[in-house]
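As a plain string of letters, each chain reads:
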Amino acid sequence: MNTTTYAVPDRLAAFPSSFQVEPLTCSIGAELSGVDLAEVAHDESLFAELKALLLRYKVVFFREQDISRAEHVALAERFGPLEDHPVVGSDPEHPGLVRIYKDLDSPPERFENAYHCDATWRANPPMGSVLRCVEGPEVGGDTMWVNMALAYEQLPEEVKAKIAGLRARHSIEATFGARMPIEDRLALKERFPDAEHPVVRTHPETGEKVLFVNSFTTHLTNFHTAENVRTGIDYAPGAGELLRYLTSQAGIPEYQVRWRWTKNSFAIWDNRSTQHYAVQDYWPAVRKMERAGIVGDRPF
């Protein structure tokens with residue numbers, strides 16, 4: 001399979017840049033250097049260059065960026081308003097900056113080490129995030145990102161035709177809420193009812209088609225039609241197997257980039273066209289990350 005066939009829109013083709021750009025794979029990700037992120041937070045032209053590079057590479061990385069939390073927030077706010085997280089919460093002095101701290105006292109959980117697109121249980125999932133490594137293990141704790149536009153592009157044509165009009169449900173109740181007492185879980189669902197999104201979304205800025213199902217997706221909502229179901233017994237295995245096949249596409253290495261964190265390294269990603277997976281292989285080491293998530297729009 002040739003993963004270099006993905007066509008970058010003409011307006012995102014190579015252009016003079018203030019950043020030094022090192023692509024990390026043929027399909028996704030670039031390490032940027034030569035510019036301080038604190039400058040980008042306050043410079044309109046630098047930010048415009050950063051955004052264009054982000055649209056092209058889908059996730060961009062920086063190292064040795066010793067900036068303040070206020071500058072971290074200011075950079076993320078250039079993309080748009082920041083959102084809080086209903087379960088994790090945010091830094092009281094910097095609303096929208098979520099602390100993802102893992103140490104020996106952290107409760108065991110299995111949310112980050114699954115391929116996911118952040119908060120698709122929202123009606124308007126995040127546009128993207130700016131994530132910083134505050135403290136990390138000497139080895140381990142990497143994060144992988146996946147190009148879900150390429151994952152869609154490489155699907156067989158008959159699969160593309162089958163999923164063209166399908167929609168799917170995404171749930172916080174079945175993920176973050178699953179371990180809560182039932183009263184708390186139902187209260188969480190009342191605050192955030194399951195969201196329904198197209199299985200294939202259109203990126204609002206590039207026009208790309210993106211495969212938009214992940215570990216927050218519980219089921220397909222409009223599969224049970226005469227075209228897909230001969231008899232009722234077809235429904236459950238047919239829809240379930242199709243959804244499992246689609247979500248499995250995120251695990252294909254040719255669509256991925258893997259990033260090894262160091263202190264004060266950053267990742268900025270487009271949540272509309274990627275998924276990511278945080279590898280939890282570092283216990284009992286400490287891993288402390290801080291993330292600013294940017295409010296997004298309703299998928300179409």
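Conventions and cut-offs
Residues numbered from 1 in each chain as written. Predicted model: local features only at pLDDT ≥ 70, side-chain atom pairs only at ≥ 80, totals over all residues. Heavy atoms only, no water. Salt bridge = Lys/Arg side-chain N within 4 Å of Asp/Glu carboxyl O. Helix = DSSP H or I, 4+ residues; strand = E, 2+ residues; numbered from the N terminus. Buried < 20%, exposed > 50% of the residue type's maximum accessible area, 1.4 Å probe, protein only. pLDDT = per-residue confidence, 0-100. Contact = heavy atoms within 4.5 Å. Pairing = 2+ DSSP bridges. Axes fitted to C-alpha atoms, helices over the stretch in contact; angles between N-to-C directions. Phe/Tyr/Trp six-rings, centres within 6.5 Å; stacked < 30°, edge-to-face > 60°. Lys NZ or Arg CZ within 6 Å of the ring centre and 35° of its normal.

Draft legend 1. Fine view of the pattern of salt bridges. Enumeration over the complete set of coordinates arrives at 17 salt bridges. E135 is the partner of K288 in a salt bridge, and the nearest nitrogen-oxygen pair spans 4.0 Å. With K288 in strand β15 (residues 287-294) and E135 in strand β5 (residues 128-135), this pair connects stretches of sequence that are 153 residues apart. Between R258 and D142 there is a salt bridge, with the nearest N and O atoms lying 2.9 Å from each other. You can see R258 sitting in strand β12 (residues 256-259) and its partner D142 sitting in the loop between β5 and β6 (143-147), a full 116 residues away along the chain. Owing to a relative accessible area of 9%, D142 belongs among the buried residues under this scheme.

Draft legend 2. The confidence of the model for the protein chain, seen in detail. For the protein chain, per-residue confidence averages 91 on the pLDDT scale, and 91% of positions sit at 70 or higher. Under a pLDDT of 50 for its full length, residues 1-13 has, in the predicted model, 28 contacts with residues more than four places off or in other chains.

Draft legend 3. Region of the structure containing the sheet that holds strand β2 (residues 30-33). If you trace the seven strands from one edge of the open sheet to the other, you get β1-β2-β3-β13-β5-β15-β4, paired in mixed fashion. Since the sheet does not close on itself, it has two edges, and those belong to β1 (20-23) and β4 (97-102), each with one partner. On average, each strand axis in the sheet is inclined to that of its neighbour by 20°, with strand direction left out of account. Note: β5 against β15, seven bridges, orientation antiparallel. Note on β15: the bridge partner recorded for G128 is I294. Along the sheet, helix α2 (residues 44-57) makes contact with β1, β2, β3 (59-62) and β13 (266-270), crossing β3 at roughly 125°.

Draft legend 4. Summary view of the packing of aromatic side chains. Counted under the stated rule, the structure contains 10 aromatic pairs. Relative to F62, the ring of F19 has its centre 6.2 Å away and its plane inclined at 70°; by these criteria the two rings are edge-to-face. Remark: F62 occurs in strand β3 and F19 occurs in the segment before β1; sequence separation between them is 43 residues. Pair check on accessibility: F19 and F62 agree, each one buried. For the ring pair W259 and W261, a centre distance of 6.5 Å and an interplane angle of 90° mean the geometry is edge-to-face. Residue class for W259 comes out buried when judged on its relative accessible area of 2%. Owing to a relative accessible area of 8%, W261 belongs among the buried residues under this scheme. An aromatic cluster is present here, built from F61, W145, W259, W261 and W269 joined pairwise through their rings. Here R201 stacks its cationic end above the ring of F212, 4.9 Å away from the centre of that ring.

Draft legend 5. Just helix α3 (residues 69-77), in detail. Residues of α3 that are buried include every one of H72, V73, A74, L75 and A76, and no others. Looking at the buried positions of α3, the neighbouring elements they touch are α1 (37-40), α2, β4, β5, β13 and β15.

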